[in-house]
Structure formats: structure tokens, C-alpha cells
Amino acid sequence: MIRRQRLAAGLGALLAALAAGLAFPAGAVADETTAMAPKVDLVIDVSGSMRAKDIDGQSRMAAAKQAFNEVLDATPEEVQLGIRTLGANYPGDDRKTGCKDTAQLYPVGPLNRTEAKTAVATLTPTGWTPIGPALLKAADDLQGGEGSKRIVLISDGEDTCAPLDPCEVAREIAAKGIGLTIDTLGLVPNAKMRAQLSCIAEATGGTYTSVEHTDELTDRVNQLVDRAADPVVVPVATEGAAECAKAPTLKSGLYTDREEFGQERWYRVDVKPGQELRAAASVAADRAVSPDYGVLLRAVTVHGREIVRGEAAGTGRTDVISTGLRYPKADSDDENAPAEAVCLQVTHSFAAAAGVKATPGLPLELTVDVVDGPSDASDVASFGLGRGWWLLGALIVAGFLAGLVWGWLSRWRVAVWRTN
């Protein structure tokens, strides 16, 4: 009897251990999946102006509710979605109180469609339009995790809580380097609202869309939520130095930084013999700037000698300007040959328009890729002009022959003229 009890106890302990061993990896996988889950915070304007009945014969609020219900039905399972309101609770005239009127209607997390729809159904157009404060709170809603983060702002008017400029708030959010994108949708927009919502979106690499019909609102919000679920390369925030000697060493990847007007940023990349460095730099104009601008990307040795450069210039309005370069390092017979430290310098010639804040700096995106170098002389990077030499030679020969023919025709015409 005792032996049977011990056998049963041992078998039970073994099964418990096996169960625990299986449970922990599953929990670890679940935690990792949750950490990488994309997050979306829908920020809806519930100010008094949302009562206007100018969207397909119904009020703006009714159109927004209808769109939200359809979006909630179509939200992918892997997306953690939340809803935040602005101007939904305070109906009074006290500006200080009205500008604090933003609340989390439904917390960002796994979506319970019934609960979310019930929460949306309770909304009634009420008060002010504190877009800036709502964006700050929405950024806090999306804290944590390593997946993509997106705010979708839906509003029918410009912010009423200046001097907290929502465009400046968006720039501050972008400057934190947390990879958060803000997309904006304007209901029945006017010029001032369009400019403000466009500025908010541009500051974080998002999009602005004008909406005048319910189906347009539904389709666009669905697109943005679905986009959050797409796999994306999340850029790594870095901070370039003022000189090469103090620059951070980067590996292949996508990086973001901020570069102030009149500033230069330095980074370092190690390139081994037989490898090729490919780099590209993009600077975004997230605020009003002077009409003439350019960007310069230089590859320099640690001793200051320029290796190669890429540059681009433009005039007029632009959202972003980019340039790139390639540097193939010759192979070496020495297997232990050390890597070369290549310094990358990024400068731009944007200038802030009158009255525009210079800080934080303009968004800078740097792509670094170190790959195996070219293996034959047909590669443009290793042969200068590459096949362009053949074209140049053909043009020279064609020009020479054309000159001979033209000279012969001219002499023949002169001879005929003299004869006649």
C-alpha cells in the first residue's frame, strides 16, 4: 500500500512538473506576443461643434459613431485598441477647466467589441477642443511594448486651448523617439483646421485626410488601423555627435535623430575590407521653412579626408529631402585586416521661417547598410561610370563621324557654288 501511495505521489509530482514546464514557455510566448502587439488610440473630438448636421444628412457625432462601430467590427485581433475623447465632459465656459477635458473612454488593450461600442454610444457633443492636451495623454496611453504605436485623431475644428500648440506637442512627441505616428482626419474642414491637422500629422510622419462623408471616414480609419497591424521596421533613436571622434558607432539598420538649424550630426560605421557601405539620410520639414534648402551626406575618414558625398537641393515647399552614398572598401589579402571607421556627416540648409520655433530640431532619418562589396568591374560602384564609359565613347565616335560628314558636305556645296 505504501509503495503504491509513493508511486502515485511520484507520478503526480512528475505530471505537475511537466505541466509547469509546458506552462512557462507558453506564458513567455504570450508575453512576447503582447509586447510586440501593435497599439492604436482613436482620439475623437466630442466638442459642441460635433452637433452640426452636415455629413450625409446626419450630425458629425452620429457619423463618427457609425464609423467607429464598423471599425470596431473590422479591427484585427492582434491590434490593441483604445478610445480617448476630448471635449466630452465639461459643458461650461471656464477655459481652464475646458482645456483639461480629455478622458480615456476605453483603455488601450485587447478589444472587447461590445464594451467598446457601448462606450461610444454614450458620447454626446459637449465642450471645448483641447487637441494638444489630448495628444499628450494619448501618447501616455500607448506607453510600453515594442510594437507599432499609432494615434488616429478625428476632429471637426482647430484647437481652442492655445498657447499649448498641438503642432508643437506633436513635435515633442516625435522628438522622444518612441516611434509613435499621428494620423489626422478633418471633418468638413476649413483652411485653418486643415493647416493645423496637417502640421500635426507631418510632425510624426503621419497622414492628413479631409472627410465629408461617413463612408470616407469609415474606410480611412479602417485603413489606418489595418496599417498598424502591418509588420514595420521600427527605427532606433540615436543621437549624433558634434564631431566624428565622439560619434556613436552604428550597425546596419534604420535610425532617427533630430538636427537643429545650422547644426551638423556625426555618426561612425565600421567597414571591413571587401564590404560596401550604403547610407541614406532624409530630413523632414515638419514646420514652415524658407523656400531654399538642401541636405548633404558625407563619408569621411577619421583623419578628415572626404571619401564620397551625396547631396540634394530644392526650392519651394517640401515634406522631405533625401540623399545617399555608396563606399566600397577594397578587399585585402590579409584575413586579419582591421575594419575602417568611416564617419558619416549629415548637414542641412533648412532655415526656420519668421516666427517659427527652432527647437526641437528637424526629424532626421538615417539608413545604414553594410553589405558584401562588388565582385566584378561591371558594378558601377567599383568601376566609376561602369557602362557609362561605353556610352561616352559611342558619343565621341558619333560626334567625330558627324563632324567629318558635315565638313565633306560643306566643301561639296562650296565647290558646286563656285562651278555655277
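Residues numbered from 1 in each chain as written. Predicted model: local features only at pLDDT ≥ 70, side-chain atom pairs only at ≥ 80, totals over all residues. Heavy atoms only, no water.

**Looking at the overall build of the chain**
Okay, step 1: Along the chain, the regular secondary structure elements total nine helices and 16 strands.
Okay, step 2: When burial is assessed residue by residue, the chain has 41% of its 420 residues classed as buried.
Okay, step 3: In the chain, of all internal contacts separated by at least 6 residues, the share reaching a separation of at least 24 is 75%.
Okay, step 4: A total of about 22300 Å² of accessible surface is found on the chain, and carbon and sulfur atoms cover 56% of it. (Helix = DSSP H or I, 4+ residues; strand = E, 2+ residues; numbered from the N terminus. Buried < 20%, exposed > 50% of the residue type's maximum accessible area, 1.4 Å probe, protein only. Contact = heavy atoms within 4.5 Å. Areas by Shrake-Rupley, 256 points an atom, 1.4 Å probe, with all protein chains shown as cover.)

**A look at the pairing of strand β12 (residues 292-300)**
Okay, step 1: Most of β12 sits inside the fold, with eight of its nine residues counted as buried.
Okay, step 2: Here β12 pairs with strand β13 (residues 306-315) via nine bridges, running antiparallel. The residue of β13 that forms the bridge with V300 is E306.
Okay, step 3: Following β12, the chain reverses through five residues before pairing antiparallel with β13; G304 in that reversal takes a positive phi of roughly 95°.
Okay, step 4: Pairing between β12 and strand β15 (residues 340-348): six bridges, direction antiparallel. In the sheet register, L296 faces β15, and the bridge partner there is T347. (Pairing = 2+ DSSP bridges.)

**What about a negative patch on the surface?**
Okay, step 1: A surface patch of like charges, here negative, comprises D56, E70, E212, D215, E216 and D219.
Okay, step 2: Ranked by the residues each element gives to the negative patch, the list is headed by helix α8 (residues 214-229), at three residues.
Okay, step 3: For E70, the position within the fold is in helix α2 (residues 60-74). (Patch = residues over 30% accessible without salt bridge, like charges linked within 9 Å, V, L, I, M, F, W, Y side chains within 5 Å. Salt bridge = Lys/Arg side-chain N within 4 Å of Asp/Glu carboxyl O. Lys, Arg positive; Asp, Glu negative; His and termini not counted. Charge placed at Lys NZ, Arg CZ, Asp CG, Glu CD.)

**Examining the state of the cysteines**
Okay, step 1: Under the definition given, this model contains three disulfides.
Okay, step 2: Between the sulfur of C167 and that of C199 lies a disulfide, 1.6 Å long from S to S. Residues C167 and C199 are joined by a disulfide whose S-S torsion is about -50°; by sign, that bridge is left-handed. Here C199 lies in helix α7 (residues 191-203) and C167 lies in helix α6 (residues 166-175), a separation of 32 residues in the sequence.
Okay, step 3: Residue C199 is classed as buried on the basis of its relative accessible area, which comes to 16%.
Okay, step 4: Look at the chain and number its bonded cysteines as they come in the sequence; the links are 1-2, 3-4, 5-6. (Disulfide = S-S within 2.5 Å.)

**Brief notes about the sheet that holds β15**
Okay, step 1: One open sheet holds the five strands; their spatial order is β8-β10-β15-β12-β13, and the pairing between them is mixed. What marks the edges here is a single partner per strand, and that holds for β8 (249-250) and β13.

**Overview of the pairing of strand β4 (residues 149-155)**
Okay, step 1: Counting buried positions along β4 yields seven of seven residues, so the element is predominantly enclosed.
Okay, step 2: The alternating pattern of β4 places K149, I151, L153 and S155 on one face and R150, V152 and I154 on the opposite face, and all of these are buried.
Okay, step 3: Here strand β1 (residues 39-45) pairs with β4 via six bridges, running parallel. Directly across from V43, in β4, lies its bridge partner L153.
Okay, step 4: Inspection of the sheet shows β4 paired to strand β5 (residues 180-187) by seven bridges, in the parallel sense. Bridging across to β5, I151 finds its partner in I182.

**Some points on the packing of helix α5 (residues 131-141) against α6**
Okay, step 1: Here α5 crosses α6 at 20°, and the two axes come no closer than 8 Å. In terms of orientation, α5 lies roughly parallel with respect to α6. With respect to the hand of their crossing, α5 and α6 are arranged in right-handed fashion. For the pair α5 and α6, the contacting residues are I131, G132, L135, L136 and A139 in the first and P166, V169 and I173 in the second.
Okay, step 2: Class assignment for the residues of the contact of α5 with α6 results in seven nonpolar, one polar and no charged. (Axes fitted to C-alpha atoms, helices over the stretch in contact; angles between N-to-C directions. Parallel < 35°, antiparallel > 145°, perpendicular 65-115°, else oblique. Left-handed = near helix turned anticlockwise from the far one by under 90°. Nonpolar A, V, L, I, M, F, W, Y, C, P; charged D, E, K, R; others polar.)

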